[in-house]
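Remarks on the overall topology
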Amino acid sequence: MPPFQALRDRVRDVPDFPSPGVLFRDLTPLLADPRAFDACIEALAAPWSAAGIDVVCGIEARGFIFGAALARRLEAGFVPLRKPGKLPPPVVEVEYALEYGADRLQAAAGALQGHRRVLLVDDVLATGGTLAAACRLVERLGAGIAGAAVVIEIESLAGRTRWPCDTPLHAVLRY
């Protein structure tokens, strides 16, 4: 059996969502299965268990789910990285390019004060723009990046090539 086949079996393929030609990888079945969810968190944590992670930063929105559970597993704090208008001021933000337009990512000012080892977490690495923006945001907040972890990497979209940090980027499943 290929590595992590039990997790792969809990990822539902949804063709033509959210637009024609896109194959969406739905993690809802994995989240609904307590054994699969636990195994996923263990797989996310494995490379980082001895890394001395201070804080896990989860990227809105599904990164919150995996990030909070991973923070608990690593005995680290959790800081959400949010879309605009979701956090009270003061905030620090970065803007990043999307395929059609731009978006912003924010964190509470001072949320990472004194933290040297931050782990970024998201559900999927696709084109890499959001994860790259999260790296810049954490650096702007004065914290150090230990690395990043994602549940799924869509290799054909080459998002890993946009990872701007000189630290590890770990994916549990690759498609």
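Okay, so let's go over this structure.

Okay, the overall build of the chain next. Across its full length, the chain carries five helices and nine strands. Reading the helices (α) and strands (β) of the chain from amino to carboxyl end gives α-β-β-α-α-β-α-β-β-β-β-α-β-β. Taking the principal axes of the C-alpha coordinates as reference, the chain spans close to 45 × 40 × 30 Å. Counting the 175 residues in the chain, one finds 44% classified as buried.

With that out of the way, let us pick up the nonpolar core. A general feature of soluble globular proteins is that nonpolar side chains tend to end up buried together. Among the nonpolar cores identified, the biggest contains 29 residues, and Cys-57, Leu-81, Leu-105, Leu-112, Leu-120, Leu-131 and Trp-163 are the most heavily contacted of them. Taken together, the elements giving at least two residues each to this core come down to strand S3 (55-59), strand S4 (77-81), strand S5 (91-98), strand S6 (101-108), strand S7 (118-125), helix H5 (129-140), strand S8 (145-153) and strand S9 (169-174). With six residues, H5 is the largest single contributor of residues to this core. Setting aside residues up to four positions removed in sequence, Cys-57 forms contacts with Phe-78, Val-79, Leu-81, Leu-112, Val-118, Leu-119, Leu-120, Val-121 and Val-138. Formed by 28 residues, the second largest nonpolar core is a distinct cluster that contains Cys-40, Leu-44, Trp-48 and Ile-53.

This structure, assessed with the given rule, holds three aromatic pairs. Summarising the aromatic geometry, the rings of Phe-17 and Phe-24 are spaced 5.2 Å apart at their centres and angled 85 degrees between planes, so their arrangement reads as edge-to-face. A relative accessible area of 42% places Phe-17 in the partly exposed class. By relative accessible area, Phe-24 is classed as partly exposed at 22%. Here Phe-37 and Phe-66 contribute two aromatic rings whose centre-to-centre distance is 6.0 Å and whose plane-to-plane angle is 65 degrees, an arrangement assigned as edge-to-face. Note that Phe-37 is positioned in helix H3 (residues 34-45) and Phe-66 in helix H4 (residues 62-74), a separation of 29 residues in sequence. Judged by relative accessible area, which is 0%, Phe-66 ranks as buried. The ring of Tyr-175 is capped by Arg-8, whose NZ or CZ atom sits 4.7 Å from the centre of that ring.

This brings us to the state of the cysteines. Taken as a whole and assessed by the stated rule, the structure comprises one disulfide. The partner cysteine of Cys-135 in its disulfide is Cys-165, sulfur to sulfur 1.6 Å. Its S-S torsion of approximately 60 degrees makes the covalent link between Cys-135 and Cys-165 right-handed. With Cys-135 in helix H5 and Cys-165 in the loop between S8 and S9, this residue pair connects regions lying 30 residues apart in the sequence.

A complete count under the given rule lists ten salt bridges for this structure. The salt bridge involving Arg-62 is made with Asp-123; its shortest N-O contact spans 2.3 Å. One end of the pair, Arg-62, is in helix H4; the other, Asp-123, is in strand S7, and 61 residues separate them in sequence. Judged by its relative accessible area of 6%, Asp-123 is buried. Because the salt bridges share partners, they merge into one network encompassing Glu-153, Glu-155, Arg-160 and Arg-174.

Okay, the sheet that holds S8 next. Taken together, five strands build an open sheet; the order of strands is S4-S3-S7-S8-S9 and the sheet is parallel. Strands with a single pairing partner mark the edges of an open sheet, and in this sheet they are S4 and S9. Across the sheet, the mean angle separating the axes of adjacent strands is 20 degrees when strand polarity is ignored. Two strands pair when backbone bridges link them, and S8 and S9 are joined in this way by five bridges, in the parallel orientation. For Ala-149, the partnering residue across the bridge sits in S9 and is His-170.

Calculation criteria
Starting from 1, residues in each chain are numbered consecutively following that chain's sequence as written. In view of the model being predicted, local features appear only for residues whose pLDDT reaches at least 70, and side-chain atom pairs are presented and counted only at 80 or more, with totals across whole chains, interfaces and linings using the full set of residues. Just so you know, side-chain values use all the structure's heavy atoms and leave hydrogens and water out. The helix count covers DSSP runs of H or I at least four residues long, the strand count covers runs of E at least two residues long, and both are numbered beginning at the N terminus. Exposure is judged per residue with a 1.4 Å probe applied to protein chains only, and the accessible area is read against the type maximum: over 50% gives exposed, under 20% gives buried, and values in between give partly exposed. Here the nonpolar core consists of buried residues drawn from Ala, Val, Leu, Ile, Met, Phe, Trp, Tyr and Cys, with membership extended through side-chain atoms lying within 4.5 Å. Contacts are residue-level and defined by heavy atoms, with any inter-residue pair within 4.5 Å sufficient. Pairing of aromatic rings covers Phe, Tyr and Trp, the last through its six-membered ring, and needs centres within 6.5 Å; plane angles under 30 degrees mean stacked, over 60 mean edge-to-face, and all others mean tilted. Counted as over-ring charges are cases with an Arg CZ or a Lys NZ within 6 Å of the ring centre that also lie within 35 degrees of the ring normal. When the sulfur atoms of two cysteines come within 2.5 Å, that pair is taken as a disulfide. Only one rule defines a salt bridge in this text: a Lys or Arg side-chain nitrogen within 4 Å of an Asp or Glu carboxyl oxygen. The criterion for strand pairing is that DSSP finds at least two bridges linking the strands in question. Only the contacting stretch of a helix is used when fitting its axis, a line to C-alpha atoms as for every element, and angles between N-to-C directions run 0 to 180 degrees.

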